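The primary structure of each chain is shown beneath.
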Amino acid sequence: MTFGAALSELRKAQKTAKGVSLYSRYVNRPLGRVFAAGAYVLGLRPNHVTLLSAAVTSGGIATVALVRPGWGPALAVYALLVVGFALDSADGQLARLRRESSAAGEWLDHVVDCAKVTAVHAAVLVSFYRFFDLSSDAWLLLPLGFQLAAVLIFCGGLLADKLKPKPAPLPDGTPALAPPPPSRLRAVALLPVDYGVFCLVFLLLGSESAFLAGYTALAAAAALFLVAFMAKWFRELSAAS
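Rules of the game
Residues numbered from 1 in each chain as written. Predicted model: local features only at pLDDT ≥ 70, side-chain atom pairs only at ≥ 80, totals over all residues. Heavy atoms only, no water. Salt bridge = Lys/Arg side-chain N within 4 Å of Asp/Glu carboxyl O. Buried < 20%, exposed > 50% of the residue type's maximum accessible area, 1.4 Å probe, protein only. Phe/Tyr/Trp six-rings, centres within 6.5 Å; stacked < 30°, edge-to-face > 60°. Helix = DSSP H or I, 4+ residues; strand = E, 2+ residues; numbered from the N terminus. Contact = heavy atoms within 4.5 Å. Core = buried A, V, L, I, M, F, W, Y, C linked by side-chain atoms within 4.5 Å.

**Q** It is not clear to me how the pattern of salt bridges should be interpreted in this structure. Could you clarify?
**A** A side chain of one charge can pair with a side chain of the opposite charge when the charged atoms of the two come close. Within this structure, the stated rule accounts for seven salt bridges. With a shortest N-O distance of 3.1 Å, Arg98 and Glu100 are connected by a salt bridge. The class of Arg98 is partly exposed, set by a relative accessible area of 25%. Glu100 sits in the partly exposed class, given a relative accessible area of 25%.

Set out below in structure tokens:
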């Protein structure tokens, strides 16, 4: 199959857009399709793409922790994190194209995602400590709080999806209930906690005050969404039990 044919097949095999932000729908998934088609032509397997995503993202995270902030490193970090995120989308798309979805592959994908969510805020903490002229050591608590909110949103969402009972399919194998159409309003509302939008804040690394302001704003948004998500997931699981 050629690159163009693979790309065409991938467009027909997309997951539902329900619960996905505008960034993931219109930027990350399309970019992931391009990477998935390229990986297919190169003969890569989904797990190879997952590990490549981990390597690229690790490069961006290491740059945050080890390189003095500036506009050049800011652009490099952003590029590496965005490409790593797109590759994270590409592994699942490649698995569907090759019909190679597996529990082991899904496990590896989630482990890499969890490591990414945890490590990126740890790298910000290291950068704060090593390079930033902070007015107070209390700023060092900000990455820890952001990390906690991000990990709880990630793990809580995964657990809620796994524990929520699914309606039995019809005899012909089709879902018993058709998924509702994706909400554009929800897709916009989810932007503050989309990882792709979070990556944008690293473009501000050239200015200490701008980065602190952007990172603080996203941390506050994550804390608010955490409260809303936890209440929603607990309510839904309680109703289903």
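**Q** Any chance you could explain the packing of aromatic side chains here in plain terms?
**A** Centre-to-centre distance and the angle between the planes together describe a pair of aromatic rings. With the rule as written, the count across this model stands at 15 aromatic pairs. The interplanar angle of 50° and the centroid separation of 5.0 Å between the aromatic rings of Phe146 and Tyr215 together place this pair among those described as tilted. Residue Phe146 is found in helix α6 (residues 141–163), and its partner Tyr215 is found in helix α9 (residues 208–240); the two are separated by 69 residues along the sequence. As far as burial versus exposure is concerned, Phe146 and Tyr215 are alike and both buried. With a centroid separation of 5.6 Å and an interplanar angle of 45°, the aromatic rings of Phe202 and Phe211 are classed as tilted.

**Q** Honestly, the environment of Pro192 in this entry has me stumped. Any pointers?
**A** Within the element layout of this structure, Pro192 appears in the loop between α7 (184–189) and α8 (195–200). On the accessibility criterion, Pro192 (31% relative accessible area) is partly exposed. In the structure, Pro192 is positioned 28 residues away from Ala220 in sequence and 9.7 Å away in space, judged by C-alpha atoms. Among all residues touching Pro192, those that are not within four sequence positions of it are Leu218, Ala221 and Phe225.

**Q** In this structure, what is going on with the nonpolar core? I would like to understand it.
**A** One recurring pattern in soluble globular proteins: nonpolar side chains tend to sit buried together. By size, the foremost hydrophobic cluster in this structure holds 41 residues, and its most contacted members are Phe128, Phe132, Phe198, Phe202, Phe211 and Tyr215. Elements supplying a minimum of two residues to this core: α3 (46–66), α4 (71–98), α5 (103–131), α6, α8 and α9. Residue contributions to this core peak at ten residues, all from α9. Every residue in contact with Phe198, bar those within four places of it in the chain, is listed here: Val120, His121, Phe146, Tyr215 and Leu218. Core analysis: the next-biggest nonpolar cluster, separate from the first, contains twelve residues, Ala6, Ala37, Val56 and Leu87 among them.

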